[in-house]
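Given next are the chains, with one letter for each unit.
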Amino acid sequence: MAEMNMLHAINDALSIAMEADERMLVFGEDVGHFGGVFRATSGLQEKFGRERCFNTPLTEQGIAGFANGLASNGMTTVAEIQFADYIFPAFDQIVNESAKFRYRSGNQFDVGGLTFRTPYGGGIAGGHYHSQSPEAYFTQTPGLKVVVPRNPEQAKGLLLAAIRDPNPVIFFEPKRLYRASVGEVPAGDYQLELGKAEVIHQGKDITLLAWGAQMEILEKAADMAEKEGISCEIIDLRTLSPWDVDTVAKSVTKTGRLLINHEAPLTGGFAGEIAATIQEECFLSLESPIARVCGLDTPYPLIHEKEYMPDALKTFEAIKASVKF
Amino acid sequence: MSNATLNTETVHRVSFLDKESLHIPTLKILQADGTTYETAVLPVIDQALAEKIYDTCVFTRVLDERMLGAQRQGRISFYMTCTGEEAAIVGSCAALEPGDVILAQYREHAALRFRGFTTEQFMNQMFSNEKDLGKGRQMPIHYGTAELNYQTISSPLATQIPQATGVGYSLKMQGKRNVAICYFGEGAASEGDFHAGLNMAAVLKSPTIFFCRNNGYAISTPTEEQYAGNGIASRGVGYGMHTIRVDGNDMLAVLAATQQARAYALEHNAPVLIEAMTYRLGAHSSSDDPSGYRSKDEEAKWQQHDPVKRFKLWLQNKGWLAEDTDAKLQERYREEVLAAVKVAEKLPVPMLDEIIEDVYDTPTPLLKKQLTELKQHVKKYPQSYPKSAGRL
């Protein structure tokens with residue numbers, strides 16, 4: 001075990017995976033010598049050479065198409081999109097190509113060795129174009145896995161699993177935690193299973209569900225609720241697609257209440273999908289409507305970032321409203 | 001006609017073309033000592049225009065120096081300088097008419113100044129206060145002003161390129177004697193939008209000037225890792241477009257090229273590509289440190305090619321710059337910028353109600369409901385939302 005921040009944990013995972021798999025390539029804008037704008041790929045070019053870790057020209061659609069080609073021909077491919085806000089030129093390659101490679105060819109071809117890493121989320125004064133959480137655009141695309149870690153230990157284990165998963169994975173990294181989240185990370189190679197949520201705190205009155213950077217928001221809100229005598233069960237969904245219905249349904253069956261929190265706008269967000277499924281699974285156990293604490297239905301505003309965010313206070317209010325319903 | 005090509009020459013042995021096949025000269029008018037090349041054909045420029053150009057350069061240098069400092073002090077969250085690229089930006093903008101529409105990338109605030117954006121307007125945007133034309137919604141330096149025909153900056157790269165093609169085409173359809181000009185870097189020219197935008201402009205005959213600031217770096221990525229061809233200019237020829245490469249640190253060369261590009265675009269309803277060879281003397285932004293990807297020696301070499309100093313020498317040779325003008329201008333703008341900072345940072349941020357405005361032409365019922373709930377919440381916890389709680 002060693003204490004490290006999330007960037008170091010991601011860097012460690014990439015290094016371990018490249019060491020173990022000589023067919024693995026890491027590339028993207030500024031990821032080579034400079035080590036990426038957040039330094040997640042720092043030192044990899046020096047260690048593994050310019051042919052395995054390199055800068056690409058500045059073209060996200062090119063990066064994604066190139067990645068598809070590599071993966072379709074047997075390479076392990078980790079492509080960085082510098083900010084999730086800039087993934088949209090690559091949307092066609094990801095949605096129409098990565099996601100459908102296997103299905104359209106009757107499993108003759110696939111891009112299972114492909115992982116996109118991309119920093120997402122707000123809280124860094126990044127305005128419209130350095131703050132977005134676009135996960136729901138991808139969870140609506142069958143064929144893609146979508147994974148979001150909450151801390152360094154999770155980031156390392158989930159990223160190693162994503163790289164080795166035989167399906168294309170989009171790995172959203174909560175950039176506001178890159179340096180802020182520091183914790184013990186096991187040394188060496190380990191994987192955390194994709195598609196499995198984790199109950200990180202047991203409780204009995206309400207289930208709180210989120211992923212990535214919003215996990216710490218849930219924990220703060222749960223602490224506040226605890227002082228009012230409300231016992232919260234906290235779940236990190238970890239993989240959004242395919243998501244772990246059983247773990248969430250089991251918890252909600254026990255608590256009778258569910259609150260889902262995400263930074264992305266409310267309308268069309270992934271919370272809606274979870275709410276619809278859980279009301280089917282747990283209809284007779286529910287004691288209040290499923291609550292969603294999410295971003296507003298606006299572009300991400302710089303100056304009112306604090307007001308826009310689904311923060312701990314809003315979550316705390318929603319917990320109380322749910323319990324008092 | 002199918003398979004349209006320019007000639008029907010055939011050969012009977014395999015013979016490939018390569019990047020050396022296309023000869024692209026660089027236009028230079030102004031020499032390092034401020035004199036012009038003997039055979040140079042000068043742009044149209046009188047003393048008033050020359051003074052305005054120089055004034056804009058001095059202001060921009062002062063603004064960049066002061067606001068980078070303000071960012072370091074934590075007074076604004078982010079900044080980008082255009083240091084080293086002033087000739088490319090001001091020289092091109094100075095060739096335009098006020099009705100020509102500018103679609104910039106993000107490093108072209110010198111053009112905005114040339115158009116008449118005031119020091120207060122710069123500050124209001126950077127401090128996201130209630131007087132910001134963009135209502136505080138974007139990061140610093142994402143300026144925009146409809147009044148000055150300068151479309152609002154969007155961070156994603158190259159998105160403005162095909163948009164400029166559309167703006168140029170619309171000006172033609174509206175019968176206006178104006179062009180669109182689109183600024184972008186050599187890094188952005190790798191995006192798909194670049195290729196789409198230029199090809200469409202050439203095919204659809206859009207009077208648009210595509211102005212590439214080839215400044216050597218896209219954040220950390222040098223041009224050798226960005227493209228393998230003969231710069232960006234070679235692509236314009238490929239798209240069938242009038243194309244020129246200029247010394248981007250030569251104010252007169254940039255001005256001359258853009259004046260003629262504009263005239264050509266209007267006369268022929270056709271696009272023009274200008275590639276200005278320059279150097280980003282500063283960091284990409286306040287968020288990166290260039291020592292991680294380039295040498296001090298390289299930077300020092302380019303300091304020798306300072307475009308503002310070269311233009312200043314020319315002005316002095318012409319007798320258009322009085323001995324003390326430079327010092328006076330600098331002092332004036334330093335005071336002006338400092339005073340404007342002090343005012344702008346004390347102005348309140350936009351009202352919380354603005355958060356749901358402009359998503360659509362009018363807020364939807366759901367947005368109104370979200371705002372009502374948000375305001376109730378802020379009222380309950382005013383100490384946690386200090387920017388908005390006092391002005392609900």
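No experiment lies behind these values; they were computed from the predicted model shown.

Asker: Mind laying out the overall build of chain A, listing which residues take part and the relevant values?
Answerer: Looking only at helices and strands, chain A has twelve helices and 14 strands in total. Here chain A has a C-alpha radius of gyration of 19 Å; the compact-globule value for 325 residues is 20 Å, and the two agree. Projected onto its principal axes, the C-alpha coordinates of chain A cover approximately 60 × 40 × 40 Å. Counting across all 325 residues of chain A, residues that qualify as buried make up 59%. Long-range contacts, defined here as pairs at least 24 residues apart, represent 80% of the contacts in chain A between residues at least 6 apart.

Asker: Just give me the short version of the overall build of chain B, but keep the residues and values in it.
Answerer: The number of helices and strands found in chain B is 13 helices and eight strands. The C-alpha atoms of chain B give 23 Å as radius of gyration, which agrees with the globular expectation for 392 residues (21 Å, within 12%). Its C-alpha atoms put chain B at 85 × 60 × 45 Å along the principal axes. Within chain B, the proportion of its 392 residues that are buried is 48%. Here the analysis covers contacts within chain B between residues at least 6 apart in sequence; of these, 76% occur between residues at least 24 apart.

Asker: An account of the interface of chain A and chain B is needed here, citing residue identities and associated values.
Answerer: Every contact between the two is made by 32 residues of chain A and, on the other side, 42 residues of chain B. Residue assignment for the side of chain A that touches chain B shows that the elements contributing at least two residues are helix H11 (305-308) and helix H12 (312-324) of chain A. Considered class by class, the residues forming the side of chain A that touches chain B number 15 nonpolar, ten polar and seven charged.

Asker: Residues and numbers for unusual backbone geometry, please.
Answerer: In terms of backbone geometry, most residues other than glycine have negative phi values and most peptide bonds are trans. With omega at -5°, the peptide bond leading from A:Ser241 into A:Pro242 counts as cis. Residue position: A:Pro242 is located in the loop between strand S12 (239-241) and helix H9 (245-255). Residue B:Ser128 is not a glycine yet carries a positive backbone phi of 50°. By secondary structure assignment, the location of B:Ser128 is in the loop between helix H4 (119-126) and helix H5 (160-173). Its 28 C-beta neighbours within 10 Å are what place B:Ser128 among the buried residues.

Asker: Before we move on, can you summarise the UniProt feature "domain: Transketolase-like pyrimidine-binding" (unreviewed entry) in chain A with the specific residues and values?
Answerer: When the UniProt feature table is mapped onto this chain, "domain: Transketolase-like pyrimidine-binding" (unreviewed entry) is found at residues 4-180 of chain A. Helix makes up 35% of residues 4-180 of chain A and strand makes up 18%, while its end C-alpha atoms are separated by 10 Å.

Asker: Please provide a residue-by-residue account of the sheet that holds strand S14 (residues 291-295) of chain A, values included.
Answerer: Residue and element names in this part refer to chain A. Across the sheet, five strands lie side by side as S9-S11-S10-S13-S14; this open sheet has mixed pairing. Where the open sheet ends on each side, the last strands, each with one partner, are strand S9 (198-201) and S14. When the angles between neighbouring strand axes are averaged without regard to direction, this sheet yields 25°. Pairing analysis gives three bridges linking strand S10 (residues 206-210) to strand S13 (residues 258-265), with the strands arranged parallel. Across the sheet, leucine 208 pairs through a bridge with leucine 259, a residue of S13. Here helix H8 (residues 214-227) sits on the sheet in contact with S9, S10, strand S11 (232-236) and S13, set at roughly 160° to S10. Along the sheet, helix H10 (residues 270-281) contacts S10, S13 and S14; its crossing angle with S13, the most-contacted strand, is approximately 155°.

Asker: Give a description of the domain arrangement of chain A that names residues and reports values.
Answerer: All names here are of chain A. You can read the domains of chain A as domain 1 (2-185) and domain 2 (198-324). Each partner contributes to the interface: domain 1 provides 24 residues, whereas domain 2 provides 21 residues. The residue inventory of the side of domain 1 that touches domain 2, partitioned by class, reads eleven nonpolar, nine polar and four charged.

Asker: Could you give an account of the nonpolar core, naming the residues involved and the relevant values?
Answerer: Membership of the largest hydrophobic core comes to 200 residues, with the highest contact counts inside it found for A:Leu208, A:Leu209, A:Leu259, A:Ile319, B:Val90, B:Cys182 and B:Ile274. Once residues lying within four places of it in the same chain are set aside, the contact partners of B:Cys182 are B:Leu103, B:Gln160, B:Ile161, B:Ala164, B:Thr208, B:Phe210 and B:Phe211.

Asker: Account for the confidence of the model for chain B, with residues named and values stated.
Answerer: Considering every residue of chain B, the mean pLDDT works out to 96; 99% of them sit at 70 or more. For this predicted complex, the interface score ipTM comes out at 0.95, alongside a pTM of 0.96.

Asker: Give me the lowdown on the sheet that holds S12(A), citing residues and values where you can.
Answerer: Residues and elements named next belong to chain A. Read across the sheet, seven strands follow the order S3-S2-S4-S5-S7-S6-S12 without closing on themselves; strand pairing throughout is mixed. Only two strands of the sheet have a single partner each, and these edge strands are strand S3 (53-55) and S12. Taken pair by pair, the neighbouring strands of this sheet meet at an average axis angle of 20°, ignoring direction. Two elements, strand S6 (residues 145-147) and S12, share two bridges in a ladder whose sense is antiparallel. Bridge assignment links valine 147 to a residue of S12, and that residue is threonine 239. Across the sheet, helix H3 (residues 60-72) lies against strand S2 (24-28), strand S4 (76-80) and strand S5 (114-120), angled at about 170° from S4, the strand it touches most. Set on the sheet, helix H7 (residues 152-164) makes contact with S4, S5, S6 and strand S7 (169-174); between it and S7 the angle comes to about 160°.

Asker: So what's going on with H4(B)? Residues and values would help.
Answerer: Residue and element names in this part refer to chain B. With seven of eight residues buried, H4 is to be regarded as a mostly interior element. Listing the buried residues of H4 in full gives Thr119, Gln121, Phe122, Met123, Asn124, Gln125 and Met126. Residues of H4 that are buried sit in contact with helix H1 (47-72) and helix H11 (325-344). Two residues or fewer past H4, serine 128 is found with a positive phi of approximately 50°.

Asker: I'd like to hear about the domain arrangement of chain B, residue by residue, with values.
Answerer: Per the domain assignment, the segments of chain B are domain 1 (20-344) and domain 2 (352-389). Relative placement of domain 1 of chain B and domain 2 of chain B: their C-alpha centres are 38 Å apart.

Asker: Give me helix H2 (residues 86-93) of chain B: which residues, what numbers.
Answerer: Counting buried residues in H2(B) gives eight out of eight residues, a clear majority hidden from the surface. For H2(B), the set of buried residues is B:Glu86, B:Ala87, B:Ala88, B:Ile89, B:Val90, B:Gly91, B:Ser92 and B:Cys93.

Asker: For the environment of A:Ile260, give the residues involved together with the corresponding values.
Answerer: All names here are of chain A. In this fold, isoleucine 260 is placed in strand S13. With 30 residues separating them along the chain, isoleucine 260 and isoleucine 290 place their C-alpha atoms 7.7 Å apart. Sequence-distant contacts of isoleucine 260, defined by excluding residues within four places in its chain, comprise Leu209, Ala210, Ala271, Ile274, Ala275, Ile290 and Arg292.

Asker: Just give me the short version of the pairing of strand S8 (residues 272-277) of chain B, but keep the residues and values in it.
Answerer: Residue and element names in this part refer to chain B. Buried residues dominate S8, accounting for six of its six residues. Judged from the six bridges that link them, strand S4 (residues 208-214) and S8 form a sheet pairing that is parallel. What sits directly across from arginine 213, in S8, is alanine 276. Relative to S8, strand S7 (residues 242-247) runs parallel, the two sharing six bridges. What sits directly across from valine 246, in S8, is alanine 276. As for the winding sense of the linkage, the β-α-β connection from S7 through helix H8 (residues 251-268) to S8 is right-handed.

Asker: Kindly report on the packing of H9(A) against H10(A), identifying the contributing residues and their values.
Answerer: All names here are of chain A. Relative to each other, H9 and H10 sit at 60°, their axes nearing to 10 Å. Comparing the axis directions of H9 and H10 gives the class oblique. Crossing angle aside, the handedness with which H9 passes H10 is right-handed. Contacts from Val245, Val248, Ala249 and Val252 of H9 reach H10 at Ile274, Thr277, Ile278 and Glu281. Within the contact of H9 with H10, the residues separate by chemical class into six nonpolar, one polar and one charged.

Basis of the calculations
Residues numbered from 1 in each chain as written. Chains lettered and ligands numbered in written order. Predicted model: local features only at pLDDT ≥ 70, side-chain atom pairs only at ≥ 80, totals over all residues. Helix = DSSP H or I, 4+ residues; strand = E, 2+ residues; numbered from the N terminus. Rg over C-alpha atoms; globule rule 2.2 N^0.38 Å. Buried ≥ 20, exposed ≤ 12 C-beta atoms within 10 Å, placed from the backbone. Contact = placed C-beta atoms within 7 Å. Nonpolar A, V, L, I, M, F, W, Y, C, P; charged D, E, K, R; others polar. UniProt positions renumbered as here; feature names shortened; annotations may be inferred. Pairing = 2+ DSSP bridges. Axes fitted to C-alpha atoms, helices over the stretch in contact; angles between N-to-C directions. Domains from an automatic or database assignment. Core = buried A, V, L, I, M, F, W, Y, C linked by C-beta atoms within 7 Å. pLDDT = per-residue confidence, 0-100. Right-handed = clockwise from strand over helix to strand, strands pointing away. Parallel < 35°, antiparallel > 145°, perpendicular 65-115°, else oblique. Left-handed = near helix turned anticlockwise from the far one by under 90°.

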